[in-house]
Amino acid sequence: MNKTTVATILEKKQKNNKLTMLTCYDYIMAKLISKDVDMLLVGDSLGNVQLGYENTIPVTIENIIYHTKAVKRGNSGALIVADMPFMSYEADIKSAVINAGRIIKEGRAQVVKIEGGSEIIKQVQAIVNAKIPVMGHLGLTPQAINKFGEFKVQGRNKEDALKLINDAKLLQEAGACAIVLEAIPEDLAKEITKTLTIPTIGIGAGRYCDGQVLVVYDMLGMFVDFTPKFVKKYANVGQIIQEAVKNYIDEVKEGKFPEEGNIYK
Ligand code: KIV
């Protein structure tokens, strides 16, 4: 069994082997995908794709723990990374460490992911000091939607780009084991990736990151409410589900299901 750890993702960067990460929120999906992908991310995107919220703001630490436990039970070998939801780490260092600890101890994730740079660096240091690996998240950080006003590409002007480079360095110095770069220009992601010794995982950050991550329902063609430019659909599972359900309904109505083989004698 392929077993990914924080050490193996660092090793992959050194060997120039690309890393793969997909979001995952439940047992069945973890069973299906965890033996092939390096990392499973129990992202707070579960607010959108599992719970139907318009953004990630309402997601709670209990939501993350509940879904991480299910993913853990279905996991075979992937490194489980779980998001620290909005307001579980911003207010103070102590509550950040306690909440990160709950995600590891109760949810059984191996790494916590935190959005932000210089403004949350003390929390990152304290969590790492508590022996909890941290993945950073820079660029378009969806928990800052009310500050941004809209979801748009970040780091397009020089000042913003320099802040992102500096934040990436600060996260590395604070002990982060990897950084997600979301929705930033490819050249900037390339420069950050070259500068760091820890891996960068891109989503809408171009080809030169050390790895890529996508929301699993986006790449499977199951979440169709909104499709960002950076998403590639590898299947149309949503359509397959709808067709299967339609066939089932037709067969029940026509008396074709259950068949001989589905009946107890
Ligand atoms: O919550 C999430 O799914 C994420 C990815 C978009 C990186 O943070």
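Residues numbered from 1 in each chain as written. Predicted model: local features only at pLDDT ≥ 70, side-chain atom pairs only at ≥ 80, totals over all residues. Heavy atoms only, no water.

A few points about the sheet that holds strand β7 (residues 200-203)
- Strand order in the closed barrel formed by eight strands is β1-β2-β3-β4-β5-β6-β7-β8, and the pairing between neighbours is parallel. Taken over all neighbouring pairs, the strand axes of this sheet differ in orientation by 25 degrees on average, direction set aside.
- Examined bridge by bridge, β7 and strand β8 (residues 211-214) share two bridges and lie parallel to one another. Across the sheet, Ile201 pairs through a bridge with Gly211, a residue of β8. (Pairing = 2+ DSSP bridges. Helix = DSSP H or I, 4+ residues; strand = E, 2+ residues; numbered from the N terminus. Axes fitted to C-alpha atoms, helices over the stretch in contact; angles between N-to-C directions.)

Section: the domain arrangement of the protein chain
- By the assigned domains, the protein chain splits into domain 1 (6-234) and domain 2 (237-265).
- Distance between the C-alpha centres of domain 1 and domain 2: 39 Å. (Domains from an automatic or database assignment.)

Topic: the packing of helix α4 (residues 61-74) against helix α5 (residues 93-105)
- Across the interface, α4 lies against α5 with an axial gap of 9 Å and an inter-helix angle of 20 degrees. Taken as axis vectors, α4 and α5 run roughly parallel relative to one another. As α4 packs across α5, the resulting crossing turns out to be right-handed. Each of Ile61, Glu62, Ile64 and Ile65 in α4 lies in contact with α5, whose residues at this interface are Asn99, Arg102 and Ile103.
- Residues of the contact of α4 with α5, tallied by class, amount to four nonpolar, one polar and two charged. (Parallel < 35°, antiparallel > 145°, perpendicular 65-115°, else oblique. Left-handed = near helix turned anticlockwise from the far one by under 90°. Contact = heavy atoms within 4.5 Å. Nonpolar A, V, L, I, M, F, W, Y, C, P; charged D, E, K, R; others polar.)

A few points about the nonpolar core
- Ile103, Ile127, Leu181, Ile192 and Val216 are the most contacted members of the largest nonpolar core, which has 59 residues in total.
- Discounting chain neighbours no more than four positions away, the residues touching Val216 are Leu22, Thr23, Tyr25, Met29 and Ile33.
- If you look at the next biggest cluster of nonpolar residues, it comprises 15 residues, including Ile9, Met21, Val180 and Ile203. (Core = buried A, V, L, I, M, F, W, Y, C linked by side-chain atoms within 4.5 Å. Buried < 20%, exposed > 50% of the residue type's maximum accessible area, 1.4 Å probe, protein only.)

Here we look at the pairing of strand β6 (residues 178-182)
- Most of β6 sits out of view: five of its five residues are buried.
- Along β6, one buried face is formed by Ala178, Val180 and Glu182 and the opposite face, lined by Ile179 and Leu181, is buried too.
- Sheet analysis places β6 next to β7, joined by four bridges and oriented parallel. When the sheet's bridge partners are listed, Glu182 is paired in β7 with Ile203.
- For the crossover from β6 across helix α9 (residues 186-195) to β7, the handedness is right-handed. (Right-handed = clockwise from strand over helix to strand, strands pointing away.)

Quick word on the side chain of Thr193
- Inspection of the secondary structure assignment puts Thr193 in helix α9.
- For Thr193, a relative accessible area of 8% gives the class buried.
- A distance of 2.7 Å separates polar atoms of two side chains, one belonging to Thr193 and the other to Thr200.
- When neighbours within four sequence positions are excluded, Thr193 is seen to be in contact with Lys13, Leu181, Thr200, Tyr208, Cys209 and Asp210. (Polar contact = N/O pair within 3.5 Å; in protein donor to acceptor, adjacent residues only side chain to side chain.)

Some points on α9
- If you check which residues of α9 are buried, you get Leu188, Ala189, Ile192 and Thr193. Seen from one end, α9 has its buried residues packed into an arc of 135 degrees, which puts them on one side. Away from the buried face of α9 by more than 90 degrees, exposed residues Asp187 and Lys194 are located.
- Looking at the buried positions of α9, the neighbouring elements they touch are α1 (6-14), α8 (158-174), β6 and β7. (Arc of directions from axis to C-beta.)

Quick word on the site of the ligand
- Taken together, Thr23, Leu41, Gly43, Asp44, Ser45, Asp83, Lys113, His137, Val180, Glu182, Ile203 and Val215 form the complete shell of residues around the ligand.
- Note that an oxygen atom of the ligand is positioned 3.0 Å from one of the side-chain N or O atoms of Asp44.
- At a separation of 2.5 Å, an oxygen atom of the ligand approaches a polar side-chain atom of Ser45.
- Relative to its free-state accessible area of 260 Å², the ligand is covered by the protein chains to the extent of 95%.
- The cavity where the ligand resides is the largest pocket.
- Across the shell around the ligand, the residue classes break down as four nonpolar, four polar and four charged. (Near = heavy atom within 4 Å. Areas by Shrake-Rupley, 256 points an atom, 1.4 Å probe, with all protein chains shown as cover. 1 Å grid on protein atoms, 1.4 Å probe; cavity = no way out; pocket = protein on both sides within 12 Å on 5 of 7 lines; lining within 4 Å. Sits in = over half its atoms within 2 Å of the grid points.)

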